2 protein chains.
Amino acid sequence: MNTPSDKALVPFVSVDNMMRLVHHIGIEAMLVELAGYIEEDFKRWELFDKSPRVASHSDVGVIELMPTSDGEAYGFKYVNGHPKNTSEGLQTVTAFGLLADVYTGYPVLLTEMTLLTALRTAATSAMVAKHLAPKSATTMAMIGNGAQSEFQTLAMKAIVGVETVRLYDVDAAATEKCAANLAGLGVSVVKCSSPEEAIEGAQIITTCTADKKNAVILSDNMVGAGVHINAIGGDCPGKTELAAGILERADVFVEFPEQTRVEGEIQQMAVDFPVTEMWEVILGKKPGRLDDRQITLFDGVGFAIEDFSALRYVRDQVKALGFAEMLDMLADPDDPRDLFGMLQRSKTPA
Amino acid sequence: MNTPSDKALVPFVSVDNMMRLVHHIGIEAMLVELAGYIEEDFKRWELFDKSPRVASHSDVGVIELMPTSDGEAYGFKYVNGHPKNTSEGLQTVTAFGLLADVYTGYPVLLTEMTLLTALRTAATSAMVAKHLAPKSATTMAMIGNGAQSEFQTLAMKAIVGVETVRLYDVDAAATEKCAANLAGLGVSVVKCSSPEEAIEGAQIITTCTADKKNAVILSDNMVGAGVHINAIGGDCPGKTELAAGILERADVFVEFPEQTRVEGEIQQMAVDFPVTEMWEVILGKKPGRLDDRQITLFDGVGFAIEDFSALRYVRDQVKALGFAEMLDMLADPDDPRDLFGMLQRSKTPA
């Protein structure tokens, strides 16, 4: 009689179930809904417990825990970053996450987050672009055509109204892969052979390259007036994509300044370089785009609250739709003091 | 064709499988083996990455992440502490843990840790008592007969040679439960009606009560010369069990002073109160018990390295014996850059 009680069971969303969930809801609908959850949490920004990431570094990579709480739910993401993994046929980044009930401390959801992180990153970028990009934006340059590129494109289509994406990658095979994946999904795809060609006529420029060093994917003279730059590839110390001159001409918007100054594009700038927090723009406390000639720049590094929003979203979907298996993860003796008795009784099933 | 590759599958040990594993190995054999792994890691103490716990506090409890790494493996435990849960039919403490490969960042084990924490706590206490208790110790007083008491007793029997346990709890029903659970397990059990009666003739005194306040379970005049005190109930700020006078007369041994000064019995003492770190005793760098009249006191609060040892142990057992199911927790596209392609192809199974 080892049947655990309901309270001891934790819904688990496997990679397979996450893919089924995405297809059931529809990827664009899911990106729109996720962006809604993320925007909701940006509006509640001040009530979150904003701990720094807890990082364990080694010579070849980093393993991080990213916890946060809104006082009712507690969430954390486990995520690794191992650039050398790709050459060994492994993912650079894998992730899973957990949501728990603050009142009981009991976990209520365990889920894969490799796919979910790609979805929340794209949903965040597009939610931010909805606030900052020129209203008429219909063309996006997508520089860097790796694992994020299709998600970014579909989120910008679904949430901002982007109709055309202009692809560029130093590796033409990546561009071919991205173009093939986007075929038939309702976006005009233009394959470009240089960054300069990619940004022609684009009102939104997304940079998401995998360079591990301080690189200049966009040089100062490439960026004209009136664009929104969605810079998401600069996301750890020593990894940037933009010329400092662009940052100086742009108005820079960030998630959590303490983290962005270490991990984002602005690590190139002085510690007091002026930035605006996105949650304040969304709440109307600070201005976003002021005029048609302004360069707005979202220096996105990915913050724990976005993962929290994604965990909340998946919890709600799983409650309504299933797509989870139940894990017997928590010991739950009838008498809480009798853990040993539960163990002993399990020896001889009744 | 959504079959994930081996690398994307993480062995998961459910509560049910943990109980089967314990019965397969035998609880005393498992406690002995666990104590061996823990002692090994105490010997390697200096090479561990010793981060503080990451705690998220609320009015009713705390949720903590306890990470550590030895450079090859990375482990963390999720654990909550909600004293009010018991009155709602829930566990005060639930826990699960994860072990990952530092080189790839990929998780290699997910396991329940509510039972495993009880086992590792008992194994740690007994491993320490092996080093500190009088050589002739055969009788233990067990003050506090809750969820830990049977595990503590069996570990002291298997590792230190304790033959008799003298039980006391303010709640006589807890003592009855503990005595019933220990019946037939090869320990003489004496039920006592006061702490004074319990410690009569005991060379080892284990205190593990659930009082949330600064309590005096052992007063100064109760403790005579030549005993070893295994104080494990004082484990968070504001929760202690021993009179300060005992601490002054005893030689106090701890896991990690930075943590123990906040959470342990010595939170009552000055910040420079002298303590000895157990790893130094085990390595022979510092003396343990010096003579028969000395009072040794282990101020145990539970440290992340003990959980790490337990995770290593379970990983090795699971490799050899099974008792795990495989979780599809990590997205693993054939081409690491083609996460979206993996998602798209999952839509129409071949």
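Residues numbered from 1 in each chain as written. Chains lettered and ligands numbered in written order. Predicted model: local features only at pLDDT ≥ 70, side-chain atom pairs only at ≥ 80, totals over all residues. Heavy atoms only, no water.

(A) Representation of the overall build of chain A within the structure. Per the secondary structure count, chain A includes 11 helices and 18 strands. Dimensions of chain A along its principal axes, counting C-alpha atoms only, are 75 × 45 × 40 Å. Looking at chain A residue by residue over its 350 residues, the buried ones come to 62%. Counting contacts in chain A only where the partners sit at least 6 residues apart, residues at least 24 apart contribute 71% of the total. (Helix = DSSP H or I, 4+ residues; strand = E, 2+ residues; numbered from the N terminus. Buried < 20%, exposed > 50% of the residue type's maximum accessible area, 1.4 Å probe, protein only. Contact = heavy atoms within 4.5 Å.)

(B) Region of the structure containing the interface of chain A and chain B. Across the contact, 77 residues belong to chain A and 77 residues belong to chain B. For the pairing of chain A and chain B, the buried interface totals around 7000 Å² over both sides, and the portion due to carbon and sulfur atoms is 66%. Looking at the side of chain A facing chain B, the largest losses of area belong to R337, F340 and L343 of chain A, adding up to 10% of the total buried there. Along the contact surface separating chain A from chain B lie two salt bridges. D171 of chain B is paired through a salt bridge with R337 of chain A; the nearest N and O atoms lie 2.6 Å apart. In this assembly, chain A and chain B are joined by 36 residue pairs in polar contact (both at pLDDT 80 or more). For the side of chain A that touches chain B, the class distribution of residues is 40 nonpolar, 21 polar and 16 charged. (Buried area = accessible area lost by both parts, 1.4 Å probe. Salt bridge = Lys/Arg side-chain N within 4 Å of Asp/Glu carboxyl O. Polar contact = N/O pair within 3.5 Å; in protein donor to acceptor, adjacent residues only side chain to side chain. Nonpolar A, V, L, I, M, F, W, Y, C, P; charged D, E, K, R; others polar.)

(C) Focus on the relation of the copies chain A and chain B. For the pair chain A and chain B, the relating rotation is 180°, the translation along its axis is 0.0 Å, and the fit reaches an RMSD of 0.0 Å. The relationship between the two copies is best expressed as a two-fold rotation axis. Most of the interface of chain A is mirrored in chain B: 100% of its interface residues are interface residues there too. (Least-squares fit on C-alpha atoms with pLDDT ≥ 70 in both.)

(D) Quick look at the sheet that holds strand 9 (residues 164-168) of chain B. Residue and element names in this part refer to chain B. Reading across from one edge, 10-9-8-11-13-17-15-16 is the order of the eight strands in this open sheet, with parallel pairing throughout. One side of each edge strand has no neighbouring strand; the edge strands of this open sheet are strand 10 (188-191) and strand 16 (276-277). Strand direction decides the pairing type here: strand 13 (residues 228-231) and strand 17 (residues 296-299), joined by four bridges, are parallel. Considered in strand 17, the bridge of A231 is made with D299. (Pairing = 2+ DSSP bridges.)

(E) Expanded view of the pattern of salt bridges. By the definition in use, this model includes 38 salt bridges over all chains. Between D220 of chain A and R249 of chain A there is a salt bridge; the shortest N-O distance is 2.9 Å. Of this pair, D220 of chain A sits in the loop between strand 12 (214-218) and strand 13 (228-231) while R249 of chain A sits in helix 7 (residues 244-249); the two residues are 29 residues apart in sequence, bridging distant segments of the chain. Here D220 of chain A falls in the partly exposed class, since its relative accessible area comes to 33%. The closest approach of N and O atoms between K84 of chain B and E88 of chain B, which form a salt bridge, is 3.1 Å. For K84 of chain B, a relative accessible area of 18% gives the class buried. A single network of salt bridges, built from pairs that share partners, joins E40, D41, R44, D70 and R312 of chain A.

(F) Just the domain arrangement of chain A, in detail. All names here are of chain A. Each assigned domain of chain A is listed with its residue range as follows: domain 1 (6-115 + 305-338) and domain 2 (131-302). One C-alpha centre belongs to domain 1, the other to domain 2, and the line joining them spans 26 Å. Taken residue by residue, the interface counts 16 residues in domain 1 and 21 residues in domain 2. Linking domain 1 to domain 2 there are one salt bridge. A salt bridge links E28 to K157; its shortest N-O distance comes to 2.9 Å. In this structure, the connection of domain 1 to domain 2 is made through two residue pairs in polar contact (both at pLDDT 80 or more). By residue class, the composition of the side of domain 1 that touches domain 2 is nine nonpolar, no polar and seven charged. (Domains from an automatic or database assignment.)

(G) Quick peek at the packing of helix 3 (residues 114-132) of chain A against helix 4 (residues 149-160) of chain A. Residue and element names in this part refer to chain A. Where helix 3 meets helix 4, the closest approach of the two axes is 8 Å, and the angle between their N-to-C directions is 40°. Put simply, helix 3 runs oblique to helix 4. Read as a crossing pair, helix 3 and helix 4 show a hand that is right-handed. Mapping the contact onto sequence places L115, A118, L119, T121, A122, A123, S125, A126, M127, A129 and K130 in helix 3 and F151, Q152, A155, M156, I159 and V160 in helix 4. For the contact of helix 3 with helix 4, a count of residues per class yields 13 nonpolar, three polar and one charged. (Axes fitted to C-alpha atoms, helices over the stretch in contact; angles between N-to-C directions. Parallel < 35°, antiparallel > 145°, perpendicular 65-115°, else oblique. Left-handed = near helix turned anticlockwise from the far one by under 90°.)

(H) Spatial organisation of helix 5 (residues 172-182) of chain A. All buried positions along helix 5 of chain A are accounted for by A174, T175, K177, C178, A179, N181 and L182 of chain A. In this structure, the buried residues of helix 5 of chain A make contact with helix 4, strand 9 (164-168) and strand 10 (188-191) of chain A together with helix 11 (339-345) of chain B. Where helix 5 of chain A begins, the side chain of D171 of chain A points an oxygen toward the backbone nitrogen of A173 of chain A, at a separation of 2.9 Å. A positive phi of about 80° marks G184 of chain A, the residue just after helix 5 of chain A.

(I) Examining unusual backbone geometry more closely. Although it is not a glycine, F323 of chain A sits at a positive phi angle of roughly 65°. Following the sequence through the fold, F323 of chain A ends up in the loop between helix 10 (304-321) and strand 18 (325-328).

(J) Structural detail: the sheet that holds strand 10 of chain A. All names here are of chain A. Reading across from one edge, 10-9-8-11-13-17-15-16 is the order of the eight strands in this open sheet, with parallel pairing throughout. Single-partner strands in this sheet number two, and they are strand 10 and strand 16 (276-277). The pairing of strand 8 (residues 139-143) with strand 11 (residues 204-207) spans four bridges and is parallel. The residue bridging M142 from the neighbouring strand is T206, located in strand 11. Helix 4 rests against strand 8, strand 9, strand 11 and strand 13 of the sheet, and its axis sits at about 165° to strand 8.

(K) Spotlight on the packing of aromatic side chains. Evaluation of the coordinates by the stated rule reveals 19 aromatic pairs over all chains. By the ring-pair criterion, three or more aromatic residues cluster together here, those being Y74, F76, Y78 and F96 of chain A together with Y74, F76, Y78 and F96 of chain B. Across from the ring centre of Y103 of chain B, 3.4 Å away, lies the NZ or CZ of K84 of chain A, which sits over that ring. (Phe/Tyr/Trp six-rings, centres within 6.5 Å; stacked < 30°, edge-to-face > 60°. Lys NZ or Arg CZ within 6 Å of the ring centre and 35° of its normal.)

(L) Looking closely at the packing of helix 2 (residues 27-43) of chain A against helix 4 of chain A. Residues and elements named next belong to chain A. The interhelical angle for the contact between helix 2 and helix 4, taken along N-to-C directions, is 75°, at an axis separation of 9 Å. By the criterion of interaxial angle, the relationship of helix 2 to helix 4 is roughly perpendicular. Where helix 2 abuts helix 4, its residues I27, E28, L31, V32 and A35 lie against F151, L154, A155, K157, A158 and I159. Here the residues of the contact of helix 2 with helix 4 are counted per class, giving nine nonpolar, no polar and two charged.

(M) Seen up close, the environment of T164 of chain B. Residues and elements named next belong to chain B. Residue placement: T164 occurs in strand 9. Put simply, T164 and L290 are 126 residues apart on the chain and 25 Å apart in space, counted from C-alpha to C-alpha. Contacts of T164, omitting those with residues within four sequence positions, involve T138, T139, M140, V187, S188 and V190.

(N) Region of interest: the side chain of N145 of chain B. Within the fold, N145 of chain B resides in the loop between strand 8 (139-143) and helix 4 (149-160). Among the polar contacts listed, one links the side chain of N145 of chain B to the side chain of T175 of chain B, at a separation of 2.7 Å.

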